[in-house]
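Overview (structure and organization)
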Amino acid sequence: MFVRYSYEISQFLQEENTLEIEIISPVHAARQRAMALKSQGLDVPPNCPNRRYHGECHMNMLRKMQASFSWDWGLAAPSMGIWKSVALEYYDVAVIRDVDVATWKNSTHWVMDIRVFMDCAGQQNFYAELTFYAVELLKNPLIISDHVKKPISYKAPVIEFQVAFPIEEITLWWPNGYGGQKLYPLHFTLKAWLDAKGTSLRNKIASQKSISIGFRTVELVEDPVAEGTGNTFLFKVNDKEIFMKGSNYIPSHILPEYSRDSARIKHLLLAAKDTHQNMIRIWGGGIYESDFFYELADTLGIMIWQDMMFACAMYPVTDPFLASVRKEITQNAQRIAHHPSIAIFATNNENEVALAQNWYGTLEERYKTEYRQLYLATVIHELKALEHASRPLPLVSSPSNGKESAKDNYISANPQDPNYGDVHFYDIFKDGWNPSIYPRPRFASEYGFQSLPSLQTWQRTVAAEDNLADLIEHRQHHPLGMMAITTLVRIHFPLPLPEDANYLEALVYFSQISQAMATKTETELYRSLRDTEHRTMGALYWQLNDVWVAPSWSAIDFYGNYKLLHYWSKEFLAPIAITALYERSIRSINVSLICDLFEINTDDLQVSMNIYKWSQLYPTKTTTWPVTMIPNGVHYDKVIPIDDIFQGEYTNYNSFVEFVLQRNTMPLARTFYFPASFSSVQAVKDPQIKILISNSFCSSQVNVKMNSYSLTLNTKYPAIFVYIELILDKYPDIKHYKFSRNGFMLTSASSVLHLEFEAKECIRLNAKDFKLMTVNQFMNL
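It should be emphasised that the depicted structure is a prediction, and the values quoted were computed from it without experimental measurement.

1. Things to note about the environment of Asp261
Tracing the sequence through the fold places Asp261 in the loop between helix H2 (256-259) and helix H3 (262-274). Classification of Asp261 as partly exposed rests on a relative accessible area of 34%. Put simply, Asp261 and Glu56 are 205 residues apart on the chain and 26 Å apart in space, counted from C-alpha to C-alpha.

Here you go:
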């Protein structure tokens with residue numbers, strides 16, 4: 001599935017031709033390969049997924065999308081057939097297949113090291129002339145004539161050359177939030193021939209290739225940490241340390257041909273950009289994404305941590321399997337390496353930690369030998385073809401101890417050592433709202449909590465004969481079932497009993513708040529640790545998107561609608577943020593000010609601590625103090641004992657706190673601290689919220705109308721986590737929509753939010769088209 005197959009067919013061609021393709025069931029083929037290995041006494045676990053996955057067995061036998069056999073967030077749908085285009089190519093000698101461009105700089109110039117990779121029609125050395133166009137950089141095309149007289153070997157058909165440009169003529173490419181994403185178009189034209197005397201009429205087929213590149217440097221810095229033990233694990237882009245914040249990306253559809261749909265990809269990547277994400281990890285159980293995906297990531301400034309497609313399994317190391325892997329790695333790496341968005345390659349997801357922790361009963365030494373044979377001797381070996389001084393070396397696994405892993409021959413006793421490399425963290429039995437449960441890692445490349453999609457989303461997938469509660473339970477693939485969600489919900493919310501009429505509505509709503517708050521807490525902790533001895537410099541939560549409607553870790557549901565996690569991430573990933581994290585050991589709140597900007601005006605900055613009572617709309621006590629901020633860093637502002645906040649008339653149960661970072665009276669960022677669970681707070685009232693449509697606008701775009709609305713919400717009392725939905729029953733044309741914010745604390749008498757959606761027509765909405773929920777309505781008022 002991950003390999004481009006090319007066949008020389010001229011010997012078979014007739015006047016009329018028929019192409020027949022035999023398609024074999026992947027389920028049967030995988031089983032047959034597993035049985036063949038077992039007959040030789042070789043077992044390659046895991047043979048089958050956890051029974052809760054309702055999946056298919058032996059995914060690791062085939063080079064197909066691993067998650068299509070089922071996962072803890074996805075259904076089993078191992079597709080059959082051809083998922084990309086089939087083309088008839090006509091050439092006699094050679095064509096350009098891929099172009100790799102590595103950019104680096106010296107004291108005076110930016111340099112492009114360019115390699116043009118070709119495919120050959122036969123097994124003969126050949127001659128070639130390459131014409132290079134860089135319209136924004138060169139006045140005239142550059143003719144590469146090195147191989148007009150010196151033949152190119154058909155065994156390694158590549159043309160290499162170098163071009164340099166004065167530094168002052170180049171505009172840099174930056175990740176999202178740090179500058180622009182200037183891209184330079186490059187075009188290559190190849191003429192190739194066999195006769196040493198020169199080209200002939202028969203050879204005058206010109207092969208062409210166009211790409212765009214950006215000038216930037218990327219380093220993975222793993223230096224000893226001065227303040228403690230271990231090494232850093234941080235990315236520098238254009239010589240600037242950058243905190244990598246973002247998410248993990250799975251295929252956008254369980255059927256891979258649909259996962260390449262440009263509209264789906266654009267919607268997801270724009271959503272990531274809008275929430276200030278600067279890195280996405282393409283997870284190793286999915287697919288190598290389409291050219292459109294990487295081109296769009298270039299345009300949006302979203303850097304890519306690219307796993308190779310191996311995940312959560314051991315793999316066979318038979319000669320045919322390894323031969324296929326070599327071709328897969330070479331083809332895909334050569335295709336995408338030139339993109340400025342590509343930050344680093346990693347050979348697999350969680351396979352080192354699976355060995356170290358014996359997930360699959362693999363204590364035999366042969367499994368370690370086979371692991372090294374696959375990833376070191378094969379995958380890393382093939383990636384070396386693209387190795388360049390300007391590029392970080394590939395990671396052998398994720399999580400891993402980074403370069404420290406070399407001391408253990410890349411299978412460490414603890415690949416999750418927080419003092420090295422990256423970590424994955426999940427623990428559903430602890431309170432995810434409590435910062436003290438989390439590790440203090442160098443880089444968190446995977447972490448998260450589950451939630452349920454909205455009831456509207458469920459209604460779009462449920463059949464008439466389905467019982468929704470049973471469907472949710474069936475599609476919950478977490479090995480521990482719904483406990484993963486309900487455990488966290490019940491800690492903080494008055495969840496009704498399963499037999500109550502409003503149970504599912506409450507479960508969906510509370511699960512999304514719980515997920516959002518837990519992910520916010522964990523992400524804010526990691527961001528706040530960057531300038532401590534922990535030197536945390538990355539936080540990529542699991543996961544951005546979904547392949548179907550099911551309980552999962554996603555921030556955006558299958559239909560493209562945002563869960564509360566995605567709405568909240570716009571604030572907790574913002575370039576300027578304030579965090580107020582409770583530290584249980586000293587019963588205090590740590591207030592930190594985070595700034596990702598390279599420059600910040602620190603004049604007139606202050607923090608206000610507003611204490612609210614649940615029974616009153618406005619703060620009843622405000623304390624304000626001047627602050628400063630550190631460009632591209634964290635200012636650790638105050639440690640405030642809880643007893644200094646909640647005293648006298650203010651208790652943990654009748655009050656909550658808002659922290660606002662502001663310049664004069666202009667808010668820049670805010671956060672809340674809730675000292676007690678919402679099951680135990682006192683004096684909460686019915687907010688009596690009213691919705692008014694204050695403005696609407698409809699504009700024409702290509703083939704669609706963009707509908708925009710402004711909504712005013714009026715309230716009489718504090719409204720807890722106001723959640724608003726557009727009711728879609730009457731508007732099937734609306735596939736997804738977005739509000740300017742959602743799941744927010746409403747602590748002022750009036751608040752405005754905005755709604756946008758695309759439709760074929762301009763649609764007139766009224767207040768009855770919206771559903772509004774608050775935590776207040778589930779409490780005994």
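Here the narrative resumes.
2. Remarks on the pattern of salt bridges
Tallying each qualifying case throughout the model produces 29 salt bridges. One salt bridge connects Asp119 with Arg97, and the closest N-O pair in it is separated by 2.8 Å. One end of the pair, Asp119, is in strand S2 (residues 109-120); the other, Arg97, is in strand S1 (residues 94-105), with 22 residues separating them in the sequence. Where Arg527 meets Asp596, a salt bridge forms, and the shortest distance between an N and an O atom there is 2.7 Å. With Arg527 in helix H11 (residues 503-528) and Asp596 in the loop between strand S19 (588-595) and strand S20 (605-613), this pair connects stretches of sequence that are 69 residues apart. Three or more residues are tied together by salt bridges with common partners; here these are Lys245, Arg527, Arg530, Asp531 and Asp596.

3. Digging into the sheet that holds strand S18 (residues 576-583)
Spatially, the three strands line up as an open sheet ordered S18-S19-S22, and their pairing is antiparallel. Sheet topology places S18 and strand S22 (633-641) at the edges, where each strand pairs with a single neighbour. Neighbouring strand axes in the sheet, compared pairwise and without regard to direction, differ in orientation by 20 degrees on average. Here S18 pairs with S19 via eight bridges, running antiparallel. Its bridge partner lying in S19, Tyr582 is registered against Ile589. Across the sheet, H11 touches S18, S19 and S22, and the angle it forms with S18 is around 105 degrees.

4. Quick word on empty space enclosed by the protein
Across all of its chains, the model carries seven cavities of 30 Å³ or more by this definition. Considered as a void within the structure, the largest cavity measures approximately 190 Å³ in volume. The wall of the largest cavity is formed by 17 residues, among which Ile342, Phe345, Leu386, Arg391 and Pro392 lie closest to the centre. At four residues, the largest contribution of residues to the lining of the largest cavity is made by strand S14 (residues 342-346). Taken as a whole, the second largest cavity spans an internal volume of roughly 140 Å³. Taken together, 17 residues line the second largest cavity, and the ones lying closest to its centre are Ser454, Asn561, Tyr562, Tyr723 and Tyr737. The set of elements that each furnish at least two residues to the lining of the second largest cavity consists of helix H8 (455-459) and strand S27 (719-726). Here the element with the most residues in the lining of the second largest cavity is S27; it accounts for three residues. When the residues that make up the lining of the second largest cavity are grouped by side-chain class, the tally is seven nonpolar, six polar and four charged.

5. Re the pairing of strand S6 (residues 184-193)
Remark: a regular strand shows side chains that alternate across the two faces of the sheet. Burial of S6 is extensive: seven of the 10 residues sit out of reach of the surface. The pairing of S6 with strand S7 (residues 207-213) spans seven bridges and is antiparallel. By the bridge assignment, Leu186 is partnered in S7 with Ile211.

6. Section: the side chain of Asp298
Tracing the sequence through the fold places Asp298 in helix H4 (residues 291-300). Among buried Asp, Glu, Lys and Arg side chains, Asp298 stands out as unpaired, with Arg216 the closest opposite charge at 7.5 Å. With sequence-adjacent residues up to four places away left out, Asp298 is seen in contact with Trp173, Gln181, Leu183, His339, Pro340 and Ser341.

7. Thoughts on the nonpolar core
By size, the foremost hydrophobic cluster in this structure holds 163 residues, and its most contacted members are Phe310, Leu374, Phe510, Phe721, Phe757 and Val775. Among the elements that make up this core, the one with the highest residue count is H11 (12 residues). Among all residues touching Phe510, those that are not within four sequence positions of it are Val489, Phe493, Pro494, Leu495, Val775 and Phe778. With 31 residues, the next largest nonpolar core counts Val93, Met112, Ile152 and Phe215 among its residues.

8. Things to note about the packing of H11 against helix H12 (residues 564-572)
Across the interface, H11 lies against H12 with an axial gap of 9 Å and an inter-helix angle of 25 degrees. On the basis of their axis angle, the class for H11 and H12 is roughly parallel. Where H11 crosses over H12, the handedness of that crossing is right-handed. Two secondary-structure elements touch here, H11 through Gln512, Ile513, Gln515, Ala516, Met517, Thr519, Lys520, Thr523, Glu524 and Arg527 and H12 through Leu564, Leu565, Trp568 and Phe572. Looking at the contact of H11 with H12, its residues break down into seven nonpolar, four polar and three charged.

9. Here we look at the state of the cysteines
Under the counting rule described, the total for this entry stands at two disulfides. Covalently, Cys48 is tied to Cys57 through a disulfide, its sulfur atoms 2.0 Å apart. Looking along the S-S bond of the Cys48-Cys57 disulfide, the torsion reads about 105 degrees, which is the right-handed sense. Given the relative accessible area of 41%, Cys48 is considered partly exposed. Residue Cys57 is classed as partly exposed on the basis of its relative accessible area, which comes to 23%. Disulfide pairing places Cys698 opposite Cys762 at an S-S distance of 2.0 Å. Note on the Cys698 and Cys762 pair: the S-S dihedral is about -85 degrees, so by sign convention the disulfide is left-handed. Linking Cys698 in strand S25 (residues 690-701) with Cys762 in the loop between strand S30 (750-759) and strand S31 (770-773), this pair joins segments that are 64 residues apart in sequence. Under the relative-accessibility criterion, Cys762 is labelled partly exposed at 45%.

The rules behind the values
Residues numbered from 1 in each chain as written. Predicted model: local features only at pLDDT ≥ 70, side-chain atom pairs only at ≥ 80, totals over all residues. Heavy atoms only, no water. Helix = DSSP H or I, 4+ residues; strand = E, 2+ residues; numbered from the N terminus. Buried < 20%, exposed > 50% of the residue type's maximum accessible area, 1.4 Å probe, protein only. Salt bridge = Lys/Arg side-chain N within 4 Å of Asp/Glu carboxyl O. Pairing = 2+ DSSP bridges. Axes fitted to C-alpha atoms, helices over the stretch in contact; angles between N-to-C directions. Contact = heavy atoms within 4.5 Å. 1 Å grid on protein atoms, 1.4 Å probe; cavity = no way out; pocket = protein on both sides within 12 Å on 5 of 7 lines; lining within 4 Å. Points joined across faces, edges and corners; volume = space filled by probe spheres on them. Nonpolar A, V, L, I, M, F, W, Y, C, P; charged D, E, K, R; others polar. Lys, Arg positive; Asp, Glu negative; His and termini not counted. Core = buried A, V, L, I, M, F, W, Y, C linked by side-chain atoms within 4.5 Å. Parallel < 35°, antiparallel > 145°, perpendicular 65-115°, else oblique. Left-handed = near helix turned anticlockwise from the far one by under 90°. Disulfide = S-S within 2.5 Å.

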